[in-house]
Amino acid sequence: MRLVDNPMTDGFHEDRITWEKIWINRKVVPRKSRHETMIASDGFDSLPNLTSELHFYRVAMQFANTLPLNKFESIYEVGCGSGAFLYPLYCEYGCRVGGVDLSPELVELANQTMRDGKFSVGDAIVLDTKERYDHVFAHSVLQYFVPSVTEQVLVNMVLKSNLTVSVLDIPNQLFLLEQEQLRERRLGQDNYRERYRSLKHTYYSKSFFRDFAERNNLHITEFNSSVGDLPEDYRFGVIMRKSDRI
Ligand SMILES: C[S@@+](CC[C@H](N)C(=O)[O-])C[C@H]1O[C@@H](n2cnc3c(N)ncnc32)[C@H](O)[C@@H]1O
């Protein structure tokens, strides 16, 4: 893991809370159904209401239709958590699935739930690109990276993919203030400041991905899509296709 291996950060920031530490230590949050447990464990329990199974199912199916995904293809998620987003695709398509995540507990739940999937503990910045999948994506993850890390993670995803690289639920820089105010209101101001003093979300412009796609000869499709009850244009998604496979 970067933080643990890095002498510049290890020790010096021993007491400082980081997203990385939070996710490495993330535990399974039991709920009444298997999918609800996955949704809550993956962090979608910090909104006033748990994001519903139906919502996850709809957004995942919309994504699969747009790719389009078929049952003979394979799909891999970077920052998969316990696989709450991947699970509906696994159930509906029965295609080969895999993923990587920082949290050992979440990865274990993914392996228990999608038994013929291949989920491992690891850091997206050092993604194993030897075994390739047709579609490689990340859902609700890039807010935890600084842009230079995102750039490297995207390069890794391109190397791992045969056909497409997608990023979903990206916080839109145009609505930074509104989203920060919403987070503040939801958590209660004092509690918010205490918990998140050193923890920031990274917001992106659509041009960040357009430029990446252009530099890497990928065809990009953009759309607005938000998880949970956020207004749809607060977050967006991109699908980038390898040009030689269109
Ligand atoms: C909000 S959760 C989303 C989980 C999953 N993608 C989903 O939609 O259900 C963010 C996930 O990103 C993972 N993550 C954060 N930084 C990571 C990194 N550097 N490498 C791998 N996973 C990471 C966390 O462990 C966490 O499971």
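Structure: see above.
Right, let's walk through the structure included here. (Residues numbered from 1 in each chain as written. Predicted model: local features only at pLDDT ≥ 70, side-chain atom pairs only at ≥ 80, totals over all residues.)

Moving on to the packing of helix α4 (residues 53-66) against helix α5 (residues 86-93). At their nearest, the axes of α4 and α5 sit 8 Å apart, and the two run at 65° to each other. Here α5 runs roughly perpendicular to α4, going by the angle between their axes. The way α4 lies across α5 gives a crossing that is right-handed. Here Phe56, Tyr57, Ala60, Met61 and Ala64 of α4 come into contact with α5, specifically with Pro88, Leu89, Glu92 and Tyr93. Looking at the contact of α4 with α5 residue by residue, the classes come out as 8 nonpolar, no polar and 1 charged. (Axes fitted to C-alpha atoms, helices over the stretch in contact; angles between N-to-C directions. Helix = DSSP H or I, 4+ residues; strand = E, 2+ residues; numbered from the N terminus. Parallel < 35°, antiparallel > 145°, perpendicular 65-115°, else oblique. Left-handed = near helix turned anticlockwise from the far one by under 90°. Contact = placed C-beta atoms within 7 Å. Nonpolar A, V, L, I, M, F, W, Y, C, P; charged D, E, K, R; others polar.)

The subject of this paragraph is the nonpolar core. Side chains of nonpolar character tend, in soluble globular proteins, to be buried together. With 53 residues, the main nonpolar core has Val78, Leu86, Ala110, Val136, Leu142 and Val167 as its most contacted residues. With residues near it in sequence (within four places) discarded, Leu86 still touches Glu77, Cys80, Val97 and Gly99. (Core = buried A, V, L, I, M, F, W, Y, C linked by C-beta atoms within 7 Å. Buried ≥ 20, exposed ≤ 12 C-beta atoms within 10 Å, placed from the backbone.)

All right, on to the site of the ligand then. Near the ligand lie 21 residues; those nearest to it are Trp23, Asp42, Gly79, Gly81 and Ala84. Tallied by class, the residues present in the shell around the ligand amount to 11 nonpolar, 6 polar and 4 charged. (Near = placed C-beta within 6 Å.)

Turning next to the environment of Ser140. Tracing the backbone through its elements, the reader meets Ser140 in the loop between β4 (133-139) and α7 (147-160). C-beta crowding within 10 Å serves as the criterion here: with 22 such atoms nearby, Ser140 is assigned to the buried category.

Every regular strand shows the same layout, with side chains that alternate between the two sheet faces. Among the 11 residues that make up strand β5 (residues 161-171), 9 are buried, leaving the element largely enclosed by the rest of the structure. Traced from β4 through α7 to β5, the parallel crossover comes out right-handed. Relative to strand β7 (residues 235-242), β5 runs antiparallel, the two being bridged by 6 bridges. Following the sheet pairing, Val167 is matched in β7 by Val238. (Right-handed = clockwise from strand over helix to strand, strands pointing away. Pairing = 2+ DSSP bridges.)

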